[in-house]
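# What the coordinates show
Here is what each chain is made of, one letter per residue.
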Amino acid sequence: MRGWGLIAAVAAMLTTGATPPPAPARAPQIALTFDDLPAHGPLPVGGDRLVIAQRIIAALAAQHAPATGFVNGGFGAGDAQAGKVIAAWRRAGLPIGNHTFGHVNLDQVGAPAFLADADRNEAGIKAAAGTGDWHWFRYPFLAEGQAAATRDAVRSGLKARGYRIAAVTMSFGDYAWNDAFARCTAKQDAGAVQALEASYLAAARAQAQRSRDLAKAALGHDIPYVLLLHLGAFDARMAPRLLALYRSMGFGFTTLAAAEADPFYAAAVDPAKPGPTATLEAAARAAGKPVPADAPLPPATLCT
Ligand SMILES: [Zn+2]
């Protein structure tokens, strides 16, 4: 398509004498995904689930960045503000997908119970999505089944239900900062929070570069990356700075569907193909390339 578009543009230029079109964008792309809507992680003292969502939505809008939210219908029960999160997300024009109702681990519950929990989540998502496409699935804990039979049973169940799988090809363990932030806020430790801000951005930067390095080692080129984030309090605090960081590193932002149109994601968009979902780590190993260690998470003992 791109080739034909270019030919058409050049033909138009020749006939109209217009200036040549700009060179195709080479910026690597990130598709942002936020898991655990409407309520991820502990709520810090004085926190508000709707304000968390609104801050993330505002940061996305400021950067014209699309994002997909993955919903657990069983989260946020009894929290009136959490009850407004999905509607706010949808009002902003952001799509949602299925992350199971109760955030169940496939390797613990098995395929039938796992698919039943995914089904239980559908009514709420369908109602919130309206005419929007909600047939995207993100495995809780990224657990796709250790046993081949389990993995295949769920993949064929997802296929039958019309889902595409949301892969993860960029991640820095953002959830761990949400936990630490809640603890440090409770201790009113401003210095520790400041250190968390710095380490969050450092980890995001290191892991973005790591994904690019893995892609280049395994494939010889960038792919559109799918970034895993969570709808948590610290993510909300950091969202403007996080998105600005990615921009400063030369990344653009794209939709999940556009990113996964890349052939790297063929088994994610078609669960009839053999799993598991492709990862850059597996691709690097298959190519005989080293897989670097992940950037460190905040210490679990911080602010305890
Ligand atoms: Zn999750």
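The rules behind each value
Residues numbered from 1 in each chain as written. Predicted model: local features only at pLDDT ≥ 70, side-chain atom pairs only at ≥ 80, totals over all residues. Heavy atoms only, no water. Buried < 20%, exposed > 50% of the residue type's maximum accessible area, 1.4 Å probe, protein only. Helix = DSSP H or I, 4+ residues; strand = E, 2+ residues; numbered from the N terminus. Pairing = 2+ DSSP bridges. Donors = N, O, S within 2.8 Å, 3.2 Å for Na, K, Ca; no water. Phe/Tyr/Trp six-rings, centres within 6.5 Å; stacked < 30°, edge-to-face > 60°. 1 Å grid on protein atoms, 1.4 Å probe; cavity = no way out; pocket = protein on both sides within 12 Å on 5 of 7 lines; lining within 4 Å. Points joined across faces, edges and corners; volume = space filled by probe spheres on them. Nonpolar A, V, L, I, M, F, W, Y, C, P; charged D, E, K, R; others polar. Core = buried A, V, L, I, M, F, W, Y, C linked by side-chain atoms within 4.5 Å. Contact = heavy atoms within 4.5 Å. UniProt positions renumbered as here; feature names shortened; annotations may be inferred. Expected span 1.5 Å × (residues − 1). Arc of directions from axis to C-beta.

### Let's talk about the pairing of strand 7 (residues 225-230)
- In terms of residue burial, strand 7 counts as a mostly covered element, since six of its six residues are buried.
- Every second residue of strand 7 is oriented toward a common face, with Y225, L227 and L229 on one face and V226, L228 and H230 on the other, all of them buried.
- Inspection of the sheet shows strand 1 (residues 29-37) paired to strand 7 by six bridges, in the parallel sense. Residue F34 lies in a different strand from strand 7, and its bridge partner there is L229.

### Things to note about the coordination of the zinc ion
- Around the zinc ion, the protein contributes the donor atoms D36 (OD), H99 (NE2) and H103 (NE2), which lie 2.1 Å from the metal centre.
- Counting residues between consecutive donors of the zinc ion along the chain gives the motif D-x62-H-x3-H.
- Overall, the relative accessible area of 15% leaves H103 in the buried class.

### Let's talk about the packing of aromatic side chains
- The full count for this structure, using the stated rule, is 14 aromatic pairs.
- Considering the side-chain rings of Y225 and F251, the 6.3 Å spacing of their centres and the 85° angle between planes classify their relative orientation as edge-to-face. Residue Y225 is found in strand 7, and its partner F251 is found in the loop between helix 10 (233-248) and strand 8 (252-253); the two are separated by 26 residues along the sequence. For the pair formed by Y225 and F251, the shared burial category is buried.
- With a centroid separation of 6.0 Å and 85° between ring planes, the pair formed by Y246 and F251 is classed as edge-to-face.

### What to know about the layout of surface pockets
- The volume enclosed by the largest pocket comes to roughly 900 Å³.
- Lining of the largest pocket is provided by 39 residues; of these, F141, L142, V168, S171 and L228 occupy positions nearest its centre.
- Of all elements in the fold, only strand 1, strand 6 (170-171), helix 8 (175-186), helix 9 (190-219), strand 7 and helix 13 (280-286) reach the threshold of two or more residues within the lining of the largest pocket.
- Residues belonging to the lining of the largest pocket are distributed by class as follows: 16 nonpolar, 13 polar and 10 charged.

### A few points about the nonpolar core
- Counting residues in each nonpolar core, the largest one holds 85 residues, and the members touching the most others are L32, F34, I56, L60, W89, F172 and Y246.
- For this core, the leading source of residues is helix 9, giving 10 residues.
- Not counting residues up to four positions away in its chain, the partners in contact with F172 are W177, Y200, A203, A204, Q207, L229, L242, Y246 and L297.

### Things to note about the UniProt feature "domain: NodB homology" (unreviewed entry) in the chain
- Following the UniProt record, the feature "domain: NodB homology" (unreviewed entry) maps to residues 28-304 here.
- As annotated, residues 28-304 comprises 47% helix and 11% strand, and the C-alpha atoms at either end are separated by 39 Å.

### Quick notes on helix 7 (residues 148-160)
- The end-to-end C-alpha distance of helix 7, which contains 13 residues, comes to 18 Å, matching closely the 18 Å that a straight helix rising 1.5 Å per residue would cover.
- Buried residues of helix 7: R151, V154, R155, G157 and L158, and no others. Along the axis of helix 7, the buried positions cluster into a sector of 160°, meaning they face one direction only. Pointing more than 90 degrees away from the buried face of helix 7 are the exposed residues A149 and A160.
- Contacts from the buried residues of helix 7 go to helix 4 (106-109), helix 5 (111-120), strand 4 (136-137), strand 5 (164-165) and helix 12 (266-269).
- Downstream of helix 7 by a residue or two, G162 has a phi angle that is positive, lying close to 85°.

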